[in-house]
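# Chains, contacts and geometry: an overview
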Amino acid sequence: MKYEKTSIPILLLFCIFIYPVMFKGAAFLSYVYQYGIPFIYVALNFKLMRRISKKQFIIIGCLVILLFFSILYPTVHNTGDYSYIKVSTFVFRKLIVYLFLAIVLVKRYKENTSAEHFIYYYSLTHAVFVIGTLLIVFIPGLKTLWFSIFAEVNESGALLESYGYTFRIGWQGFAGYRMTLHCTWCCIFLLYMYYACYERYRLRKTTFLMLFSLCFLGNMFYGRSGLVLSIAASLMGVLVWNRRHFLRILQFIAIVSVLIFTIYFLRDKPVFSDWYNWMSKPIINLITQGSFNNVSFDTTKEMVFMPEWKTILFGDGYFTQDKHYYEQTDSGIMRNILFWGMLGAVLSYGITFYSLLELKKKNLLMWMLLLGTFIAFEYKGDVYYEYIAMSLSLSFVETALSCKYSGKGEIVISQRADIFNKGVQY
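The following refers to the structure shown. (Residues numbered from 1 in each chain as written. Predicted model: local features only at pLDDT ≥ 70, side-chain atom pairs only at ≥ 80, totals over all residues. Heavy atoms only, no water.)

### Considerations on the overall build of the protein
Scanning the protein from terminus to terminus reveals 18 helices and six strands. Within the protein, residue pairs in contact and separated by at least 24 positions form 76% of the contacts whose partners lie at least 6 positions apart. Of the roughly 19800 Å² that the protein leaves accessible, carbon and sulfur atoms contribute 67%. (Helix = DSSP H or I, 4+ residues; strand = E, 2+ residues; numbered from the N terminus. Contact = heavy atoms within 4.5 Å. Areas by Shrake-Rupley, 256 points an atom, 1.4 Å probe, with all protein chains shown as cover.)

### Quick word on the pattern of salt bridges
Here the structure, examined in full by the defined rule, presents seven salt bridges. Here Glu 358 ties to Lys 55 by a salt bridge, and the two come within 3.5 Å at their closest N and O atoms. One end of the pair, Glu 358, is in helix α15 (residues 332–362); the other, Lys 55, is in helix α3 (residues 54–77), and 303 residues separate them in sequence. On the basis of relative accessible area, Glu 358 is assigned to the buried category, the value being 13%. Residue Arg 335 is joined to Asp 330 by a salt bridge in which the shortest nitrogen-to-oxygen separation is 3.3 Å. Here Arg 335 falls in the buried class, since its relative accessible area comes to 7%. (Salt bridge = Lys/Arg side-chain N within 4 Å of Asp/Glu carboxyl O. Buried < 20%, exposed > 50% of the residue type's maximum accessible area, 1.4 Å probe, protein only.)

### Observations concerning helix α8 (residues 177–195)
Look at α8: 27 Å from first C-alpha to last across 19 residues, which is about the 27 Å you get at 1.5 Å a residue. Counting buried residues in α8 gives 18 out of 19 residues, a clear majority hidden from the surface. (Expected span 1.5 Å × (residues − 1).)

### A few points about the packing of helix α1 (residues 8–18) against helix α5 (residues 90–109)
Across the interface, α1 lies against α5 with an axial gap of 11 Å and an inter-helix angle of 175°. When the axis of α1 is compared with that of α5, the two are roughly antiparallel. Counted together, Ile 10, Leu 13, Phe 14, Phe 17 and Ile 18 of α1 and Lys 94, Val 97, Tyr 98, Phe 100, Leu 101, Val 104, Leu 105 and Arg 108 of α5 form the full contact between these two elements. Its residues placed into classes, the contact of α1 with α5 shows 11 nonpolar, no polar and two charged. (Axes fitted to C-alpha atoms, helices over the stretch in contact; angles between N-to-C directions. Parallel < 35°, antiparallel > 145°, perpendicular 65-115°, else oblique. Nonpolar A, V, L, I, M, F, W, Y, C, P; charged D, E, K, R; others polar.)

### So, the environment of Ile 65
For Ile 65, the location among the structural elements is in helix α3. Ile 65 gets classed as partly exposed once you look at its relative accessible area, which sits at 37%. When the C-alpha positions of Ile 65 and Leu 347 are compared, they lie 9.0 Å apart, and in sequence the two are 282 residues distant.

### Notes on the packing of aromatic side chains
One pass over the structure, following the stated rule, counts 51 aromatic pairs. Here the aromatic rings of Tyr 195 and Phe 208 are separated by 5.8 Å at their centres, their planes lie at 70°, and the arrangement is edge-to-face. With a gap of 13 residues between them, Tyr 195 in helix α8 and Phe 208 in helix α9 (residues 205–222) connect regions that are remote in the sequence. Side by side, Tyr 195 and Phe 208 carry an identical accessibility label, which is buried. Each ring, one from Tyr 264 and one from Phe 265, has its centre 5.7 Å from the other, and the planes form 70°; the classification is edge-to-face. On the basis of relative accessibility, which here comes to 34%, the residue Tyr 264 falls in the partly exposed class. When the ring centre of Tyr 109 is taken as origin, the NZ or CZ atom of Arg 108, which lies over that ring, is 4.6 Å away. Between the NZ or CZ atom of Lys 360 and the centre of the ring of Trp 367, over which it lies, the distance is 4.9 Å. (Phe/Tyr/Trp six-rings, centres within 6.5 Å; stacked < 30°, edge-to-face > 60°. Lys NZ or Arg CZ within 6 Å of the ring centre and 35° of its normal.)

### Some words on the packing of α3 against α15
Any two packed helices are characterised by the angle at which their axes cross and by the distance between the axes. Interhelical geometry of α3 versus α15 gives an angle of 160° and a closest axis separation of 10 Å. Classified by the angle their axes make, α3 and α15 are roughly antiparallel. Between α3 and α15 lies a crossing of left-handed hand. Residues Lys 55, Ile 58, Ile 59, Cys 62, Leu 63, Ile 65, Leu 66, Phe 69, Ser 70, Tyr 73 and Pro 74 of α3 form the contact with α15, whose own contacting residues are Phe 339, Trp 340, Leu 343, Gly 344, Leu 347, Ser 348, Ile 351, Tyr 354, Ser 355, Leu 357 and Glu 358. Here the contact of α3 with α15 is composed, by residue class, of 16 nonpolar, four polar and two charged. (Left-handed = near helix turned anticlockwise from the far one by under 90°.)

### Let's talk about the nonpolar core
Formed by 127 residues in total, the largest nonpolar core has its most connected members in Phe 118 and Trp 275. In terms of residues, this core owes the most to one element, α8, which gives 15 residues. Once residues within four sequence positions are removed from consideration, Phe 118 is found in contact with Phe 14, Tyr 98, Leu 101, Ala 102, Leu 105, Met 390, Leu 394 and Val 397. (Core = buried A, V, L, I, M, F, W, Y, C linked by side-chain atoms within 4.5 Å.)

### A few points about a nonpolar patch on the surface
Together, Met 306, Trp 309, Leu 313, Phe 314, Met 342 and Val 346 make up a nonpolar patch on the protein surface, roughly 680 Å² of accessible area in all. When contributions to the nonpolar patch are tallied by element, the ones reaching two or more residues are α14 (309–314) and α15. Among the elements that make up the nonpolar patch, the one with the highest residue count is α14 (three residues). By secondary structure assignment, the location of Val 346 is in helix α15. (Patch = residues over 30% accessible without salt bridge, like charges linked within 9 Å, V, L, I, M, F, W, Y side chains within 5 Å.)

Take a look at the structure:
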């Protein structure tokens, strides 16, 4: 940010609690620090949340209903599969962590705290994560030492041996679909903060270039779906936000081209070759053949099918079966329909769209890009709860938490709403 220094302690908190590590042989202790510390901190500072909007209250109420449904459906269908509870409680668990970090920001920046502060540190966290990936890959001894102390959150041993998965690792272990989703968010957030947000929170050019390059590189590492969506979203964002500034468009294209050509010239190096082929093949196929011609993408298409009407209406009450996703489908849309049918699907997606509407007030194009990526990511894998947790947390930063330092109640909220709507709306 142009006018404020980055707080290293706050950045460390974001890194530690957004991507917490697990201590080997001490799972309980790990969960205590992951969720216990944020919960206690939020509870001790609950007075900061004096004002929850009607919209936020509705979203939380609907999430409680979904939690109830995740218990009800397996019971009614007599499946005994209560694994969806982990999904339905995700927003609450993530919200506690995000609120903890938001309160830390409020205490640091007081009445000047905005959603931009949160997404700046969020994006910075992912840039640090990508640097961590580079260190782990290029310093094998560091990887060995690190994972002798900390357990891998994801069972990554076999996955990392897969073709082209050299860089799909971070300090938590295997880094895949969720990480490419978050890096895509960061690319959109950073473009918004450099080209379109309120002047006070704009990024410096060097900061933007560094963070965007790392998050874009992260999508090259962690998932090709995120890479394709990041390219599409970035092109749209740069073209629309700079439609009157042709030189800015050329500068951005030149910078991304330098990054891509650098990687291209490294493609034959031993550590890069398999990864480069894995990462680039679907994009090259799209350009040369008009189709991804990719096994993962084609498999996802095959996993979207028409269930029986009974399943569509009432669900089957299964999320997992025989240690696999029910019907072995990766598609988030299918998982939603198969578990609880139309009622649960409409409610879960309705909450997602309703929560994302708050970001439309901040910037129309950013909202459209996030909405478009949601539809694409949800087709490939269930992520709706990730979007709810993020958008709801950002709305708390802008409303409930900012009341602490106002002293003027409704007036300050109104003023912050004006700021919330300033900036380039397209």
